[in-house]
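Descriptive analysis of the structure
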Amino acid sequence: MFDDSDMELFDRLYFGEFSKKLAAPYVHIMFGARQTGKSTLIRSCIPSDALVFDFSDPSLRMRFAAAPGRFIDLYRALPDSGNPRAGTPRWVFLDEAQTVPELFDAVQFLYDEEKRILPEERRSRFILCGSSARRLRRIGANLLPGRSFMHRLYPLTSAEYEQTIPVGYPIDRLAGRRSLLPCLQDEPSLKIPFPPRSLEDRMTFGDLPGIAVERSDRSDVLRAYAGAYVEEELHREAQIRAWGPFLRFLSLAAAESGSIVNFSGIAKESGVSSPTIKAHYQLLEDMFLGFTVPAFSGSPRKTALSSPRFFFIDLGVRNALAGLSFGPDTVLANPGPLFEQWVGIELYKRLAYRGDAKLSYYRTAGGAEIDFIVERAGALVPIEVKWTENPTKKDARHLEAFLQDHKAVAPQGYIVCRAPYPLRISDTVTAIPWWAL
């Protein structure tokens, strides 16, 4: 669907961390939605002579599904396999490994066998990659506890694009930092980032790597991607019987993305039960198509809401599943909620790569709300999102109230907006432009 050769030219935010972790003699399992660049990243980190099995090939998949023990026999027959005198570790990459879950047991057997006879630096590096955890979870597949590192790859983040700083803004004010949010300021810089894109373009077409470099009709590409996911991935992995109601659910879930989940309301419109709707949302998470943001749990206010918010992992995919057009109206018809989703997705991806922070939201029955709260190292960073170029103190009123309630752990709040430059709104609230997120 996308040409991976173009994506090999650019750096990924997770490249350095992934390369470092690959040095450890463990099994490495990478998950992520389709077309996020998993295979491209893995291939860029392993030797050219690595043994590669691509189980998206039906014939290969059927061969090993029928006799998973063949993988052990094949591995043992390789030159220098299991030989303590071999000078370097062997690299083995199993792409779309979730389609043959039995291979996880085979990999564990080989890993344990080599652990008994080989020193760490000579043990093989097994890398398994997949776009779904659904089947693995359903059958209780072996995810190699104690033997594996888990990795996730997401669509592109702002840190992976060339930053576009408005003309006239003093670059030294950024002090070498990509983001003005304190929880994101120590991200690594990339030597070859993806070409810059406008906010509106990213909100419309999303951030899949192929879309970022696509030169043809991106609308058709995204619709084909969404269709392939529905017809191939979801249908194959989930084995859903009531297909019509599920498609109605999928369209409604896309339209409601970013909102607090109303299980009963969507169940009524889809024509299925609330437990079924909850299972459908879990399916989307298992397929890495979406994620939930929980309600903030540290509020002393009893009126705070507790239901989660659900987001699709990419706005281009979300827009395609919602059946929206890909013209200017996609953004301009109702830009505020879409911009809020864009910020939430951006925060989620970058915090997930860090692995040391939690994302939540805050809302009370009385209408007080904070769009996103980052919890890291005992500190809170409350963030409001406003589709405005001229933020005012009125836009900061909920932030000020939250900061007042959490003085000890939340010294500063932020408004992410479309202002051309950072602005000081008050002593405790700063507005930052989207390009400095």
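Numbering of residues starts from 1 in each chain and follows the order in which that chain's sequence is written. Residues qualify for local features only when their pLDDT is at least 70, as the model is predicted, and side-chain atom pairs are given and counted only at 80 or more; totals for whole chains, interfaces and linings, by contrast, use all residues. Side-chain figures throughout are based on the complete set of non-hydrogen atoms in the structure, without hydrogens or water.

**Points about the pattern of salt bridges**
For this analysis, a salt bridge means a side-chain nitrogen from Lys or Arg found within 4 Å of a carboxyl oxygen belonging to Asp or Glu. The full count for this structure, using the stated rule, is 20 salt bridges. Among the ionic pairs, Arg 363 bridges to Glu 369, the shortest N-O distance being 3.1 Å. Three labels apply to residues, based on accessible area from a 1.4 Å probe with only protein chains included: buried if under 20% of the type maximum, exposed if over 50%, partly exposed otherwise in between. Residue classification places Arg 363 among the partly exposed positions, given a relative accessible area of 22%. The class for Glu 369 is partly exposed, based on a relative accessible area of 24%.

**A word on the confidence of the model for the chain**
When pLDDT is averaged along the chain, the result is 87, and 90% of the positions lie at 70 or above. On a scale of 0 to 100, pLDDT captures the predictor's confidence in every residue. Think of it this way: any DSSP run of H or I at least four residues long counts as a helix, any run of E at least two long counts as a strand, and we number them from the N terminus. The secondary-structure element of the chain with the lowest mean pLDDT is helix α1 (residues 4-7), recorded at 58, while strand β11 (residues 413-417) shows the highest, at 98. Contacts for the low-pLDDT stretch residues 81-85, under 50 throughout, to residues beyond four places or in other chains number ten contacts. Residues count as neighbours in contact if any of their non-hydrogen atoms are within 4.5 Å of one another.

**Focus: helix α5 (residues 69-76)**
The complete set of buried residues in α5 reads Phe 71, Ile 72 and Tyr 75. The buried residues of α5 occupy one face: seen down the axis, they fall within an arc of 100°. Where α5 is buried, its residues contact β2 (51-54), α4 (58-66), β3 (91-95), α6 (102-117) and β4 (125-130). Directions drawn from the helix axis to the C-beta atoms are what define this arc.

**Examining the packing of helix α11 (residues 243-255) against helix α13 (residues 274-286)**
Here α11 crosses α13 at 70°, and the two axes come no closer than 11 Å. Between α11 and α13, the angle is such that the two are roughly perpendicular. Taken as a pair, α11 and α13 cross one another with a handedness that is right-handed. From α11, Phe 246, Phe 249, Leu 250 and Ala 253 reach across to α13, where they touch Ile 277, His 280, Tyr 281, Leu 283 and Leu 284. Among the residues making up the contact of α11 with α13, the classes are represented as eight nonpolar, one polar and no charged. Orientation is described by axes fitted as lines to C-alpha atoms, over the contacting stretch for helices, and by angles from 0 to 180 degrees between their N-to-C directions. Small angles under 35 degrees read as roughly parallel and large ones over 145 as roughly antiparallel, with 65 to 115 read as roughly perpendicular and the rest as oblique. Each crossing gets its hand from how the near helix is turned against the far one by less than a right angle, where anticlockwise is left-handed and clockwise is right-handed. As a working rule, the residues Ala, Val, Leu, Ile, Met, Phe, Trp, Tyr, Cys and Pro are called nonpolar, Asp, Glu, Lys and Arg charged, and the rest polar, with Gly in that last group.

**Section: the packing of aromatic side chains**
Aromatic pairing here means that ring centres of Phe, Tyr or Trp (its six-membered ring) are within 6.5 Å. Orientation follows from the plane angle: under 30 degrees is stacked, over 60 is edge-to-face, and everything else is tilted. Considering all chains together, one arrives at 29 aromatic pairs under this definition. For the ring pair Phe 53 and Phe 64, a centre distance of 5.7 Å and an interplane angle of 85° mean the geometry is edge-to-face. Of the two residues, Phe 53 sits in strand β2 while Phe 64 sits in helix α4, which places them eleven residues apart along the sequence. In this structure Phe 53 comes out as buried when scored by relative accessible area, which is 7%. Judged by its relative accessible area of 4%, Phe 64 is buried. An angle of 5° between the planes, with centres 5.4 Å apart, marks the rings of Phe 291 and Phe 311 as stacked. Here Phe 311 lies in strand β7 (residues 309-312) and Phe 291 lies in strand β6 (residues 290-293), a separation of 20 residues in the sequence.

**Topic: unusual backbone geometry**
Despite not being glycine, Glu 96 has its phi angle at roughly 55°, a positive value. Structurally, the position occupied by Glu 96 is in the loop between β3 and α6. We note that Phe 288 has phi near 60°; this positive angle belongs to a residue other than glycine. Residue position: Phe 288 is located in the loop between α13 and β6.

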